[in-house]
Amino acid sequence: MLQRPLRMIMLGAPGAGKGTQTERLLKKIGPSLTAMSSGDLLRSNIAAKTPVGLEAQEIIKAGKLVPDKTMISLITAELEKNNWLNSKASWLLDGFPRTKSQAEALDSTLSTHDCAVNFVVDLVVPERVILERIENRWVHVPSGRVYNLTYNPPKVPGKDDITGEPLSKRADDDAETFKKRLDAFRETTEPLKEYYRSRDDVFWEVHGETSDEIYPQLEKEILRRFG
Ligand code: G5P
Ligand code: MG
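Residues numbered from 1 in each chain as written. Chains lettered and ligands numbered in written order. Predicted model: local features only at pLDDT ≥ 70, side-chain atom pairs only at ≥ 80, totals over all residues. Heavy atoms only, no water.

As recorded in an unreviewed UniProt entry, the protein chain goes by GTP:AMP phosphotransferase, mitochondrial and comes from Tortispora caseinolytica NRRL Y-17796. The UniProt entry for the protein chain carries the following comment under Function (unreviewed entry): "Involved in maintaining the homeostasis of cellular nucleotides by catalyzing the interconversion of nucleoside phosphates. Has GTP:AMP phosphotransferase and ITP:AMP phosphotransferase activities." Quoted verbatim from the Subcellular location (unreviewed entry) field of the UniProt record, the comment on the protein chain reads "Mitochondrion matrix". (UniProt positions renumbered as here; feature names shortened; annotations may be inferred.)

A. Expanded view of the site of ligand 1. Around ligand 1, the structure places 33 residues, and the nearest of them are T20, K64, R98, R137 and S211. A distance of 2.9 Å is found between an oxygen atom of ligand 1 and a backbone nitrogen or oxygen belonging to Y147. The separation between an oxygen atom of ligand 1 and a polar side-chain atom of R170 is 2.9 Å. Protein contacts shield 95% of the accessible area of ligand 1, which totals 1100 Å² for the unbound molecule. For the shell around ligand 1, the secondary structure elements donating two or more residues are α1 (18–29), α2 (38–47) and β6 (145–148). Examining the composition of the shell around ligand 1, we find that 4 residues originate from one element, α2, more than from any other. (Near = heavy atom within 4 Å. Polar contact = N/O pair within 3.5 Å; in protein donor to acceptor, adjacent residues only side chain to side chain. Areas by Shrake-Rupley, 256 points an atom, 1.4 Å probe, with all protein chains shown as cover. Helix = DSSP H or I, 4+ residues; strand = E, 2+ residues; numbered from the N terminus.)

B. Up close: the sheet that holds strand β1 (residues 7–12). An order of β2-β3-β1-β4-β7 is seen for the 5 strands of this open sheet, with the pairing classed as parallel. The sheet is open, and its two borders are formed by β2 (33–37) and β7 (203–207), each paired with just one other strand. Between one strand axis and the next, the sheet turns through 20° on average, direction left out of account. Each of β2 and β3 (90–94) touches α2; the most contacted strand, β2, lies at about 60° to it. (Pairing = 2+ DSSP bridges. Axes fitted to C-alpha atoms, helices over the stretch in contact; angles between N-to-C directions. Contact = heavy atoms within 4.5 Å.)

As structure tokens, this is what we get:
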């Protein structure tokens, strides 16, 4: 349903609703768009006890960032594996890049394949709103689907709507770790935003207190640019 390929990056604080917006866009746009969340990918690696998972487990639990080198090689391998490095593919990256050096590495990979990032969305949600959400979050690890006990509860308590499999809490969703994640975000976000903000034609910021308020604006902007 898009007229030209969308190669999109979703920026935003922990809990800002990156995963929530991604799910809605995938439903709207359909199978021509694929998405990857760096956090989901890391959690799958942790569950499978891969070398990356073993390296990342304690770092994530502590609310810190996984080293750039590890993230860049993990994501580059996924881009290749998922056939995203062709100029016809439409894709969305949630949670990567998270630092300026990750953004530079991504650009350098994409530029050799003629498929530069063409839309960067910054979801801006006030911190006081975000803090309220996190303790109520439950996730389905294999798919990355997220629930909130008040905002979008699962149809059957404790079970994923699609597969019926059990939901779990994220190891980094307690209040103390969450504050550390926000600190890491604050430290890295400005240089990253500056990096993209200089490209007027791709950077777009949206503000809101709820995902219901933000989603229609996001959908409209994507259809305006790519539909
Ligand atoms: P992640 O997994 O990328 P974060 O911290 O960036 O984690 P997170 O927590 O996944 O981001 P989100 O995706 O922005 O947040 O938000 P979400 O899950 O959609 O929504 C949060 C909750 O609010 C959900 O329960 C949802 O249902 C609810 N909700 C949504 N909208 C509303 C609303 O309008 N109202 C209400 N009431 N509720 C709502 O990264 C995790 C860790 O992995 C490592 C880091 O250690 C990171 O901390 N990592 C990386 N490290 C280095 N480099 C990278 N590139 C890395 N990527 C991941
Ligand atoms: Mg997420």
